[in-house]
Amino acid sequence: MSADKNSETTLYTVNDSAFKKSQIFTIDTSGYSPAMITNAMYITDSNDVLAAVQPRGTVTEDGVDNEFSAEDIAEMVNDDKTVNIDQEGIVAVSDGFWIATEGSGTIDDPKRPIKTLSLLFKTDKDGVIEQVVTLPDEVNDIQLRFGFEGVTANDNEDRVIVAFQRAWGSENNPRIGIYNTVDGTWKFAYYPLDARESQLGGWVGLSDISNAGEGNYLVLERDNQGGLDSVIKRIYHINVGNDIEDGATLEKTLVLDLADLIKTTGAPLYEKLEGLAYTPEGNVWLSVDNDGVSEVPGETQLWNLGQIYTAPSTESVEETSG
């Protein structure tokens, strides 16, 4: 989910792979209760940018499908040039949108063949794809199916920051990817997850990231449990300046324990708190992924948590244009 830099009452969100023909939705939060979707726009590959993405990987000698094939790419584009992508994050920028899509499949897992990579899409304001960005080969070579799960941009819009949902390969923590839109390079930092606390175990991962200004970002961290079995639904602060060292492990500070807050309202503790947006006036919006109402809570929930965050005066890092 994303706020509009120029409007306190406009949010943008996307649907995921529960629906074909991917769309961008505009939400108006002014004067409506609940908020209202005022526009739905199809994402299109009118200029064959996605269609031109190069296949990669192979099928191993023992038949494990690690290949992102030409056939896989073709399935992502419909005859009318609309696309079928697993959108898991969006950020509005001055000339359009950046969208993060979660890859499908896990390297060397015969039960989870590679179908798509985790990809960054840049579209214009009309949803026409202008650029598709892939990860470096050495990162794609350890792909886990829990890939991109949130995207934002820095103040200057020369860095796009993506959150990986879970740790890939043998790594201990998920990556925060920083893509330089000027020179086309990547850097990565590592986000230290909380340990599992649910009585059912499960896993803990990231769900979204939002720019709070001057190198400060809010991150949504959650477990994969719901109701009485869920414990971790938390918003943390991290600092990611342009000069951050590649491979650094980030420090985080708790902003809000959502589980405690939601329990006081009497509402159920949803598993998939997955959308986070920080507005120009500092309000924080939160949304639920309802998985197309398949065995989950039904209607998507959208909350204004208010001005819950104050930037730390001693931790802010002034961004450079480097």
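Model, not experiment: these values are computed from the prediction.

Caption draft 1: Quick peek at unusual backbone geometry. You will see that E157, though not glycine, has its phi angle at about 65°, which is positive. By the element assignment, E157 lies in the loop between β9 (148-153) and β10 (159-164). Unusually for a residue other than glycine, E214 sits at a positive phi of about 55°. Along the chain, E214 turns up in the loop between β13 (204-213) and β14 (216-223).

Caption draft 2: Focus on the environment of L286. Take L286: it is sitting in strand β18 (residues 284-288). Residue L286 is classed as buried on the basis of its relative accessible area, which comes to 1%. Along the primary structure L286 and L258 are separated by 28 residues, whereas in three dimensions their C-alpha atoms are 9.9 Å apart. Sequence-distant contacts of L286, defined by excluding residues within four places in its chain, comprise M1, L220, L258, L273, G275, Q301, L302, W303 and L305.

Caption draft 3: Focus on the confidence of the model for the protein chain. When pLDDT is averaged across the protein chain, the result is 93; 95% of the residues are at 70 or more. Note on residues 315-322: pLDDT is under 50 here. Beyond four places in sequence and across chains, it has 28 contacts.

Caption draft 4: Molecular detail of the sheet that holds strand β17 (residues 273-278). What the three strands build is an open sheet, ordered β17-β18-β19; its pairing is antiparallel. Two strands close off the open sheet at either side, each with one partner strand: β17 and β19 (302-304). Across the sheet, the mean angle from the axis of one strand to that of its neighbour is 20°, orientation sign disregarded. Judged from the five bridges that link them, β17 and β18 form a sheet pairing that is antiparallel. By the bridge assignment, G275 is partnered in β18 with S287.

Caption draft 5: How the structure looks around the sheet that holds β10. Strand order in this open sheet of four strands is β9-β10-β11-β12, and the pairing throughout is antiparallel. Every interior strand has two partners, whereas the edge strands, β9 and β12 (186-190), have only one. Neighbour-to-neighbour, the strand axes of this sheet turn through a mean angle of 20°, independent of strand direction. With five bridges joining them, strand β11 (residues 175-180) and β12 adopt antiparallel strand pairing. Residue pairing in the sheet places G177 in a bridge with F188 of β12.

Cut-off values and rules
Residues numbered from 1 in each chain as written. Predicted model: local features only at pLDDT ≥ 70, side-chain atom pairs only at ≥ 80, totals over all residues. Heavy atoms only, no water. Helix = DSSP H or I, 4+ residues; strand = E, 2+ residues; numbered from the N terminus. Buried < 20%, exposed > 50% of the residue type's maximum accessible area, 1.4 Å probe, protein only. Contact = heavy atoms within 4.5 Å. pLDDT = per-residue confidence, 0-100. Pairing = 2+ DSSP bridges. Axes fitted to C-alpha atoms, helices over the stretch in contact; angles between N-to-C directions.

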